[in-house]
Structures are given as C-alpha cells and as structure tokens.
Amino acid sequence: MIRTVTIEVKQLDRVVIRFAGDSGDGMQLTGDRFTAETASFGNDLSTLPNFPAEIRAPAGTLPGVSSFQLHFADHDILTPGDAPDVLIAMNPAALKANLEDVPRGATVIVDTSDFTPRNLKRIGYDENPLENGELEAYHVVALNLTGMTVESVKEFGLSRKDASRAKNMYALGLVSWLFQRPVDSTITFLQTKFAGKPDIRDANIAAFRAGYNFGETAEEFSVRYEVKPAVMPTGTYRNISGNLALAYGLVAGAQRAGLAMVLGAYPITPASDVLHELSKLKRFNVTTIQAEDEIAGVGAALGASFGGALGVTTSSGPGISLKSETIGLGVMLELPLIVCDIQRAGPSTGMPTKTEQADLLQVMFGRNGEAPLPVLAAQSPADCFAIAVEATRIAVTYRTPVIVLSDGYLANGSEPWQIPSVDSLPTIDPNFTVEPNATDAQGKATYLPYLRDPETLARAWAIPGTAGLDHRIGGLEKEDKTGNISYDPANHDLMIRTRQAKIDGIARTIEPLHVDDPDGTAKVLVLGWGSTYGPIGAGVRRVRAVGGKIAQAHLRHLNPFPANLGDVLRSYDKVLVPEMNLGQLAMLLRAKYLIDVVSYAQVRGMPLGAAELAEVIGNLVEETAGIDDDARQLGTAAANLTHWDHLEGAR
Amino acid sequence: MSTVDLGLPGGLPSGLQGVPAADAPQNRKEYVSDQEVRWCPGCGDYAVLAAFQGFLPELGIKRENIAMVSGIGCSSRFPYYLSTYGMHSIHGRAPAIATGLATARPDLSVWVVTGDGDALSIGGNHLIHTLRRNVNLKILLFNNRIYGLTKGQYSPTSEPGKVTKSTPMGSVDTPFNPVSLALGAEATFVARTIDSDRKHLTSVLKAAAEHRGTSFVEIYQNCPIFNDNAFDAIKDPETRDDAIIPLVHGAPIRFGTDGHLGVVRDGFASLAVREIADLPGGEADLVIHDAHTPDPAYAFALSRLTDSGILHQAPIGIFRSVDRPAYDDLVRQQITTATESQGAGDLQSLITGADTWTVA
Ligand SMILES: Cc1ncc(C[n+]2csc(CCOP(=O)(O)OP(=O)(O)O)c2C)c(N)n1
Ligand code: SF4
Ligand SMILES: [Mg+2]
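Conventions adopted
Residues numbered from 1 in each chain as written. Chains lettered and ligands numbered in written order. Predicted model: local features only at pLDDT ≥ 70, side-chain atom pairs only at ≥ 80, totals over all residues. Heavy atoms only, no water. Helix = DSSP H or I, 4+ residues; strand = E, 2+ residues; numbered from the N terminus. Rg over C-alpha atoms; globule rule 2.2 N^0.38 Å. Buried < 20%, exposed > 50% of the residue type's maximum accessible area, 1.4 Å probe, protein only. Contact = heavy atoms within 4.5 Å. Areas by Shrake-Rupley, 256 points an atom, 1.4 Å probe, with all protein chains shown as cover. Lys, Arg positive; Asp, Glu negative; His and termini not counted. Charge placed at Lys NZ, Arg CZ, Asp CG, Glu CD. Axes fitted to C-alpha atoms, helices over the stretch in contact; angles between N-to-C directions. Parallel < 35°, antiparallel > 145°, perpendicular 65-115°, else oblique. Left-handed = near helix turned anticlockwise from the far one by under 90°. Nonpolar A, V, L, I, M, F, W, Y, C, P; charged D, E, K, R; others polar. Buried area = accessible area lost by both parts, 1.4 Å probe. Salt bridge = Lys/Arg side-chain N within 4 Å of Asp/Glu carboxyl O. Polar contact = N/O pair within 3.5 Å; in protein donor to acceptor, adjacent residues only side chain to side chain. Donors = N, O, S within 2.8 Å, 3.2 Å for Na, K, Ca; no water. Patch = residues over 30% accessible without salt bridge, like charges linked within 9 Å, V, L, I, M, F, W, Y side chains within 5 Å. Near = heavy atom within 4 Å. Expected span 1.5 Å × (residues − 1). Domains from an automatic or database assignment. Pairing = 2+ DSSP bridges. UniProt positions renumbered as here; feature names shortened; annotations may be inferred.

As recorded in an unreviewed UniProt entry, chain B goes by 2-oxoacid:ferredoxin oxidoreductase subunit beta and comes from Kribbella antibiotica.

Written out as structure tokens, the structure is:
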C-alpha cells in the first residue's frame, strides 16, 4: 500500500494516553511497554495503572475493565494527567467505562471487533455508539484491531483465540508509530518474555510490527505527533515504580548499615510486589519469609532485629492493623524495625486496588499506651527509594520501629529516576555494643541495655552472641538503664517521657521544611504529604500560570515534623491541606500548632486531580485576598486552562 | 546430671550444629540470673527452671549463644531467670519472633517458652506453621491446663466440664491434645514430659536440643493455685505406674505395676491399652516403639492414648523424631546458592538496572 496523503508531524509538549481493555487484554503490559519506550526516548513521564481487584471479572463487563494511563512530556511533569488526550479502547466496556474522563476533541481509538449488539446490550448500550453520533465530539478512529491482528499472524497457525491475544501488541505498535516511539526495546522484551514459546513470540512481534506498519501505510492518520525529550538535569536515568524503588531503598539502607535484611511479610495488595522484588535479591543477603499472617511477618522481622539484622515488614492497612501489638513491642524493646504501609482504600477490605492516604492516624496512634514512633511518607514513586534509606537511618540510629507510608498510586505508578551514586547515600552505623558500658555497685563491669546515648537517647544495643552482655528484654515496663522489670510510678513516667523525647529529638536530624514561594509574597500556603505531591504541584503551577500567588510545601516526615513547621505555618494567612482522607494531617496540625488550617478532603480511591486542586487553591487565594464569592475567577481560570497551555511547564 | 535412656540413637544432624562450643565447662550457677523468681510457691515452673539451668551446661555451647524467646503467661517469665539472651515478647507470638531470630542467626540455640493458652489459643497459628516449617528451634509448652497469669480461666487444654471463673457451669469446649496437634502439623520432634520428673525432663530436653528442626516438648506442669492436682494420677506413687505409658524407642510399650499393661494395635490405625495377660501372644503382641516411623499416623495413634478429660493415663516420652530439612537451613542455603551463582550483589548495578538513558 502506498500513501497518497502525506503525513504531517505535529509537535506537542505533552500527551496523556490511556490504554483500556478487559482485564485479560494485557493493558498493564501494554502500558508498561509504552512507558519503557517513552522513558528510553527521554521524555519525562508519570504513570497511573488502574485495575479491578478481581483477577478476571467476567470478560466484556464494566467491572472487568483495566486501564493504564501515561503522561509524557518534553518538560518536567508531576502527575499522570487528569484527562487523556488519546484513549485506546479495546472493547465496548472499556469505551463506556473511560469515556467520561475523556475531554471533547480528544482522539479515541477503538477496536470494533467486539461491538456486537449482544456485547453492547450487556453493558447497557442500546445502540452502537460508534454509529449513532454519540462520539461526534471526539476524533474517533474505529478499527477492527482484533481482525487485523489475526490476519497479521496467520502464518503462525495459531487458533483464532491465541492469535487475537496479540491484539494488545498490534495496538501498541500503532500508537508507537503515532507518537514516534523507539520500538527496539519492545521487540527485545517480547523475545525474552516468550523465549520458551516461539510461535507466541513470533506472533506478538509480528502483530506489533503490523500495528506500526498500519500507521505508516494506512490513511487513517494524517498526523503523527512528536514530543521532544525533556530537558532534565544531567545524569543517568531509569524508569521506576514506587514498589520497586521501595524494595531497592530497603536493600540500600541495609547495605549502608552493613546489616543483613530479613523481611517478614504476608501477601496483600498493593504491597506484595515489594515482597516479590526482595525475594529475588537473596545475593544481597536479603532473607524473605512469607509468613503465615501479618502478625508473624512483623514478629519474624522483630526477632531478626533482636539478632542484629535489619527487620522489615511490608503490608497495607488491614495488615498494619494486625501488626499493631508487635510494633508496640518494638517501641518497648527499642529495636530497629521498618514497617511499610502501602496504603489502599479502606476501611476494612475497602477497595484493595485503589489508592488512599487514610492510615496516617492509624500509624501515628494505633497502638495501646504512649507508643510514639517516626512516620515517613514518600512523595513520588522514585522518592520511595530515598524514604526507605532515611527510614533505615532513623530505625538503626535511634533503635526504633519506623513507619514508611506509601500508597497504591505511588506503588504502581512510575516515573523517571535520576539514579543516585551509591557512594552518595548516607552511611549508617549500627554501633553495636560489644563491651560492658557501666560498672555496678561492686565495681564490676556490667552491661546496661537501656543506657542511652545522651545526644540521640538511643539505647545501647548488644546482640546475642556477644560475650558478657547477655540480657533480657521484653514488653513489660523497664527500669531506666538496667532494663529490669519495673512497676515504679516515677520510673514509668520517666520512661514514657524518655521514649517520646527520643522520637521528638529526631527532628534535629531532619531537613527543615522547604517552602516553594517564588517571590515570597504569597499569602496562602498549600501543604501536603505523601502521594498528593504531584497533583498539588500541578495545581499550584496552574494557579501561578494565571497569575495567582501561592506557596507550596510538602511533608516527608510526619513524625516528628520538621522543626520549622510551626514557623512556616504561622507565616501564611491561610494554609490549605489537601488529603485523600477526611483531614487527618489537618487534625494533627490543628492539635499541635493551634492553627486552623483549611482541609480539602477527597476520598474517592483516586489521586486528586490537578484541575480540581487548582480551583480550590485559586478560590482560597482570592478569599484570603478578601475577594467576594461571586467575583472570584482565579480558581476557575486555573482549572479551565486547556491542555495545550503549557501549564505544567509554568514554574 | 544423669539421664534416662530414651533409646534414641544419635546420628541425626545436631540441632546445635553451627553454635560455638564453650571454652570451658560450665556449671548451673552460671545460668542463674540475678532476678528474683516470682512464681507462686509450689508452682511446677520452679522445677522446670531448676532442671533447665542444670541441663544447659551439658550442651557445652557458649552461654551467649543461647536465646530464649517467650510469650505471655506465668511460664513465659522463664527467660528473665536465665543468664542467656532473652526476649519476653507478647501473647502467642514467640514462635514467629523466634523464627526470624533463628533464620537470621544460625549460630544461636533458640528456645521458645510458652503456655497452653499462649501456644494453643492466641498463638495457635504461629505454632502450627513453625512446626510445619521445621525451623531449628525448641519449643517448651508448659501445660497446666489453665490460664495461670490471668487468674484461672479455662484453657484450650482444660477438660470438658471444667468449672472456672469464666465457666461457672462448666466448660463446653472440646480440648486440644497438644501432642496430637503438633503431629497433625507435621512436627518432626514431639515429646511429652513432666515437671516433677527431673531425670526424664532433662533427657527429653537434651534430645530436643540435639534434634535439627523444631522440637516440640509438652511439659505437664502443675499450677497449685488455679488447677492443683491436675496431674496427680501420673505423679502419685500409688497410681503413676498404671498412669504413665512410657515411650522408649526400640522397646515394647509395656507399663503398669509389674508390667501388666501394654499397647497393642487395635483396628484401623489405632492403638489400645490391654492387660498383657489377655493377649493371645502375650508380650510378643505389644507394639515396639519406633519414634522414627515416617508416617505420623503411628505417633498420632499413640497420642490418642492420652485422656482428654481428667487425666488418668498418658504416654510420656518421645513420640516422634524424624529427619526433615530445617526451614532456616534451607533459607540460608538459597542465599548461599544465589550468591555463589550470581555473585554477591552489587548495589549500584542493581539500582541502575538494564534500561537507562543518559542526559548529558
Ligand atoms: C493480647 C493479649 N491478650 C490477653 C492477654 C492476657 N493474658 C496474659 S497471659 C494469658 C493466658 C496465659 O495462659 P497460659 O499461656 O496457659 O500461661 P500460664 O499463665 O498458664 O503459664 C492471657 C489471656 C495478653 N497479655 N495479651
Ligand atoms: S498461677 Fe499457677 S502457673 Fe502461675 S505462677 Fe502461680 S502456680 Fe504457677
Ligand atoms: Mg497455662
């Protein structure tokens, strides 16, 4: 086939693309491959996988739809994007489930092969939306992708069912052409993945190439798009998801501390991938124990810490509930322990594959007694690495359990990561006690397990196998210094206060909170924590793009807070705190600083949107400036900035 | 300390392999900590502690390489009274904690001390999973058939109908037989002994220490305060000969005053106690105890000779001792294999991965 129409190449600064199909259609894999191609091309990017909790909901139904959204750009971006510019819908259910997110004017590529009256009826379409004009506002490209896939692989003699399973690769080939993605890595990937099944391998590669060539030769498309590589700081980059970054960060932390790592974990969405990744890393002296339940997982980790290893446990909210008592024991024993909570929508089983940040108060306070511990939260997928290293530093230095908060959005989402040099990571000194640290009344050298470092208040830590320092510890209250059981009222009060002071003192070793307030004239500060970093940043850029003054800061340390937090809060007229919960950080800030922060709470199981935040921020900026309700326009303007306004680039 | 012959040959890989040997002979006093022992007068725990303190020097390993992990209960105070490393943890979780410790530290002899409530009620899940994994640690279950520390509620081993503070009309629960439970969980070493029989207790402890894998030892322990006389039948010189069914590997199971009773096969996979005089073949009909029988059904059948109600008769000794690779050894082996085949991990190349791009 020879083209009669020449193809125009259009420059774009950024694109949001969403692949949607049935759970069995391989949309996550397709998205991952497009991401890898995009990363190797050098765009900045951010991804949002979204899949049902059911492994295979009935095929062709709305609950069975799985999608993967990718935002890529020629400049640095912060979110996977609110709304797709291109939707690839592999069946009617995927079209129906995703269309409401797609703005008018966007491109919708549809596989028509399943658009039979029966399939359409099943999901509540009375008429074929491809034919009744319902999609007029979109640029619809309706193609029989399945049919063309089957055709393209017929030489391999597969059954129609097997042949049609390569349709995701056909679609990937087509959009790879459309956005001029480099394709070699996908071909290599398919060669490796299906190395053991030559006909499946060849069929997938053939379908991928056929899709690409279809774009080139068919006249469906008169434009191709180009998104230039982003200008990023010099360095070597890779793409990384939050869970992988977390796993690597934990290994890095253990290595920098010179400790073996023992992970005790019980599978749970969305934390299981951390267990999977770490189980591959045995050569780093990483032991993974898939325990009988979450209690045993954290127990094994704490037991390993008692033995002088770095004990780690990874879970999500329901599992964290089960671990509470053992974490409390860790607080009492004053041993290092890292507890990662990859939050998901709750309460109870909630929505396992959806994101949320509603475990903050649980991890802060969800233990009996006064049981303070440090709480850290990663702000982006790649930041999970740095947070894990920081958690190790604190856990080992201060001999304390540390909570690391991530969530489903960070866990599965990915972004380019400037790979740090290992030498630049902090070294962590376990500072084991190997000799007596005191003399008793008889003048005999002795070991006091609860003798503390005057600076950090960390207790001495001698591990089994150390001659002469044997001792017994436990969950019963201990006497100061000796660690012997004590029911003395004054001693209990002292120990409670000492444990609290130890955690509070960590603030002396953490970076002051950095505020992004470009000309220092903003009256409103927006303060977030965890995975809202991207959406808040994108919302802030929108507001600034339409002339609003707004300061932004983001907390990675939630307990203790950075030492300057109170001063920062007091230097703004209003503080807006957006969260994917009903205002948990807001409650902590009000309690601690007596500042009436403005809470913006949305708990939908989805990341906050940049446009929605822009509107909220814009409105608050004008309200603070005394502008009447009906005269306000900043928020709307910021929210309505359209796609091509270079918004996220505005800094 | 003298021991009784339990008839078990050596030859199994030692449970103490990898634990450094002591430089010099040790004595009991070295194992006595400076903490005042606080059990009620007459508590069976005293006898077990004394026996244990006397037994540890016999192991000939470094004192600092012994770690005791306990749960919560009267018996779980045990670690405080020993000059070894110890952790008094939380209710029911000691097996899980000890699993992490034993896996991280092949050079330690790790012991779990637990009670019938601790191990079989709140901690039942950890117990069965530790047993099935066969982690190299030794579990001492102090069974007083009551909750001691919380002042006398019935426990998962209390006899049906037991009247306690929480069961004024008698318990309606069917109790666990701890030995049967352990065997059902595929435990590789299962034994039962008695607090007051120091010789037997010591012999069982020694065999448990030497077994590689999880050793499960049920110790009948008297609680004079909340469940006194629970084990009278097997302690009273008047009755004990007919009450204790002694298990000695390789010997016919014969007992009773003048050996008038014995254990014979009885129908499908079960055993029964009979008067030897009534047996057609006499002593020749008795079961010869073989603790190495691979099929746990045999040991299970033995365990069923224990009364589930008020105790009148119970087998005492080693029910089962078989070889199966220990979980922690296998876990460490995988680390060694991975390190040997792929080389020790290089962190920089790990985090860099295969798919990178460079911005100049
Ligand atoms: C989570 C929790 N629940 C309940 C208790 C209260 N408690 C302490 S010991 C115990 C029962 C102990 O019985 P057992 O294990 O038989 O030990 P014993 O005191 O008889 O030696 C209970 C219910 C606790 N400490 N922790
Ligand atoms: S209550 Fe019973 S088991 Fe507990 S210390 Fe007293 S006698 Fe021993
Ligand atoms: Mg008890």
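So that's the structure; there's more coming.
1. Focus on the overall build of chain B
Scanning chain B from terminus to terminus reveals 11 helices and 12 strands. Taking 2.2 N^0.38 as the reference for a compact globule, 360 residues should give roughly 21 Å; the C-alpha atoms of chain B span a radius of gyration of 22 Å, in line with that estimate. Within chain B, the fraction of its 360 residues that count as buried is 57%. Partitioning the contacts of chain B with sequence separation of at least 6, the portion at a separation of at least 24 is 70%. Counting every atom, chain B has about 13,900 Å² of accessible surface; 54% of that belongs to carbon and sulfur. Taking the average place of the 29 positive charges on the side chains of chain B and the average place of its 39 negative ones, the gap between the two points comes to 5 Å.

2. Regarding the packing of helix H1 (residues 27–41) of chain A against helix H6 (residues 167–178) of chain A
Residue and element names in this part refer to chain A. Viewed as axis vectors pointing N to C, H1 and H6 meet at an angle of 30°, and their least axial separation amounts to 10 Å. Overall, the two elements H1 and H6 adopt an arrangement that is roughly parallel. Note that H1 runs across H6; the crossing there is right-handed. Contacts from Met27, Leu29, Thr30, Arg33, Phe34 and Glu37 in H1 reach Asn168, Met169, Leu172, Val175 and Ser176 in H6. Tallied by class, residues from the contact of H1 with H6 come to 6 nonpolar, 3 polar and 2 charged.

3. Describing the interface of chain B and chain A
Across the contact, 54 residues belong to chain B and 68 residues belong to chain A. In total, chain B and chain A occlude about 5,100 Å² of area from one another, counting both sides; carbon and sulfur atoms represent 63% of this. By the criterion of area lost to chain A, the three top residues of chain B are B:Tyr85, B:Ile351 and B:Trp357, representing 17% of everything that side buries. Linking chain B to chain A there are 2 salt bridges. A salt bridge links A:Glu292 to B:Arg133, with the nearest nitrogen and oxygen atoms 2.8 Å apart. For the pair chain B and chain A, the interface holds 25 residue pairs in polar contact (both at pLDDT 80 or more).

4. What about the coordination of the magnesium ion (ligand 3)?
All names here are of chain B. With distances of 2.0 to 2.2 Å, the protein atoms coordinating the magnesium ion (ligand 3) are Asp116 (OD), Asn144 (OD1) and Ile146 (O). Every donor residue of the magnesium ion (ligand 3) comes from the same chain, spaced as D-x27-N-x1-I. Judged by its relative accessible area of 2%, Ile146 is buried.

5. Structural notes on a positive patch on the surface
Residue and element names in this part refer to chain A. On the surface, a cluster of positive charge is made up of Arg56, Lys161, Arg165, Lys193 and Lys197. For Lys161, the position within the fold is in helix H5 (residues 160–164). Under the relative-accessibility criterion, Lys161 is labelled exposed at 64%.

6. So, the site of ligand 1
Lining the immediate environment of ligand 1, one finds 17 residues, of which B:Cys74, B:Asp116, B:Gly117, B:Asp118 and B:Leu149 sit closest. At the site occupied by ligand 1, the surrounding residues belong to chains A and B. Take B:Ile146: an N or O atom from its main chain is 3.1 Å from an oxygen atom of ligand 1. For ligand 1, whose free accessible area comes to 590 Å², the fraction covered by protein is 77%. Per-element tally for the shell around ligand 1: the top contributor is helix H3 (residues 116–122) of chain B, with 4 residues.

7. Here we look at the side chain of A:Thr149
Residue and element names in this part refer to chain A. Its place among the elements puts Thr149 in helix H4 (residues 145–152). Of the residues examined, Thr149 reaches a relative accessible area of 0% and is grouped as buried. Excluding residues that lie within four positions of it along the chain, Thr149 makes contacts with Ala163, Ala166, Lys167, Tyr170 and Ala207.

8. Structural notes on helix H14 (residues 383–398) of chain A
Residues and elements named next belong to chain A. Between its first and last C-alpha, H14 extends 22 Å over 16 residues, near the 22 Å set by a 1.5 Å rise per residue. Burial analysis of H14 places 14 of its 16 residues in the buried class, the great majority of the element. Note on H14: the residue one or two positions beyond its end, Arg399, has a positive phi of about 50°.

9. Some details on a negative patch on the surface
Residue and element names in this part refer to chain B. On the surface, a cluster of negative charge is made up of Asp241, Asp242, Asp258, Glu275 and Asp278. With respect to the element layout, Asp242 can be found in helix H8 (residues 240–243). Judged by relative accessible area, Asp242 falls into the partly exposed class, the value being 31%.

10. Here's the deal with the packing of helix H2 (residues 94–104) of chain B against helix H4 (residues 124–133) of chain B
What describes two packed helices is the angle between their axes and the distance between those same axes. Residue and element names in this part refer to chain B. Where H2 meets H4, the axes come as close as 8 Å, and the angle between the chain directions of the two elements is 40°. In terms of axis orientation, H2 runs oblique to H4. Together, Pro95, Ala96 and Thr99 of H2 and His126, Leu127 and Thr130 of H4 make up the contact between the two elements. Grouping the constituent residues of the contact of H2 with H4 by class yields 3 nonpolar, 3 polar and no charged.

11. Overview of the domain arrangement of chain A
Residues and elements named next belong to chain A. Segmenting chain A into domains produces domain 1 (8–227), domain 2 (238–424) and domain 3 (524–649). Relative placement of domain 1 and domain 3: their C-alpha centres are 35 Å apart. Counting residues at the interface gives 13 residues for domain 1 and 17 residues for domain 3. Summed over both sides, the interface between domain 1 and domain 3 buries roughly 1,200 Å², with carbon and sulfur atoms accounting for 56% of that surface. Broken down residue by residue, the surface that domain 1 buries against domain 3 is led by Arg14, Leu78 and Asp82, which jointly contribute 45%. Here domain 1 is connected to domain 3 by 1 salt bridge. Salt-bridge contacts for Arg541 lead to Asp76; the nearest nitrogen and oxygen are separated by 3.2 Å. Where domain 1 touches domain 3, the interface holds 3 residue pairs in polar contact (both at pLDDT 80 or more). Partitioning the side of domain 1 that touches domain 3 into residue classes produces 4 nonpolar, 4 polar and 5 charged.

12. What about the environment of A:Gln500?
Tracing the backbone shows A:Gln500 in helix H16 (residues 489–505). Sequence separation between A:Gln500 and A:Leu373 is 127 residues; the distance between their C-alpha atoms is 8.2 Å.

13. Some thoughts on the sheet that holds strand S9 (residues 261–265) of chain B
Residues and elements named next belong to chain B. Taking strand neighbours across the sheet as the criterion, the 3 strands line up as S8-S9-S10 in an open arrangement whose pairing is antiparallel. The sheet is open, and its two edges are formed by strand S8 (254–255) and strand S10 (271–275), each paired on a single side. Bridging between S9 and S10 involves 5 bridges; their strand directions are antiparallel. Looking at the pairing, Leu261 lines up with Glu275 of S10.

14. Some points on the site of ligand 2
Inspection of the region around ligand 2 gives B:Trp39, B:Cys40, B:Cys43, B:Cys74, B:Asn144, B:Gln221, B:Cys223, B:Pro224, B:Ile225 and B:Phe226 as its neighbouring residues. For the shell around ligand 2, the class distribution of residues is 8 nonpolar, 2 polar and no charged.

15. Quick word on the UniProt feature "domain: Thiamine pyrophosphate enzyme TPP-binding" (unreviewed entry) in chain B
Under the present numbering, the feature "domain: Thiamine pyrophosphate enzyme TPP-binding" (unreviewed entry) in UniProt falls on residues 72–219 of chain B. Across residues 72–219 of chain B, the secondary structure splits into 32% helix and 19% strand, with the terminal C-alpha atoms separated by 17 Å.

16. With respect to helix H9 (residues 296–303) of chain B
Side chains that are three or four residues apart share a direction in an α-helix, a result of its 3.6 residues per turn. Residue and element names in this part refer to chain B. Considered for burial, the residues of H9 that qualify are Tyr298, Ala299, Ala301, Leu302 and Ser303. Of the surrounding elements, those touching the buried residues of H9 are helix H5 (178–184), strand S7 (244–247), S9, S10 and strand S11 (314–321). Residue Asp295 occupies the N-cap position of H9, its side-chain oxygen lying 2.8 Å from the main-chain nitrogen of Ala297.

17. A short note on the pattern of salt bridges
In total, this model carries 34 salt bridges over all chains according to the counting rule given. Salt-bridge contacts for A:Glu151 lead to A:Lys154; the nearest nitrogen and oxygen are separated by 2.6 Å. Accessibility expressed as a relative area gives 48% for A:Glu151, which makes it partly exposed. Across the pair A:Arg224 and A:Glu216 runs a salt bridge whose closest N-O atoms are separated by 4.0 Å. On the basis of relative accessibility, which here comes to 12%, the residue A:Arg224 falls in the buried class. Here the salt bridges do not stand alone but share partners, grouping B:Arg212, B:Asp328, B:Asp329 and B:Arg332 into one network.

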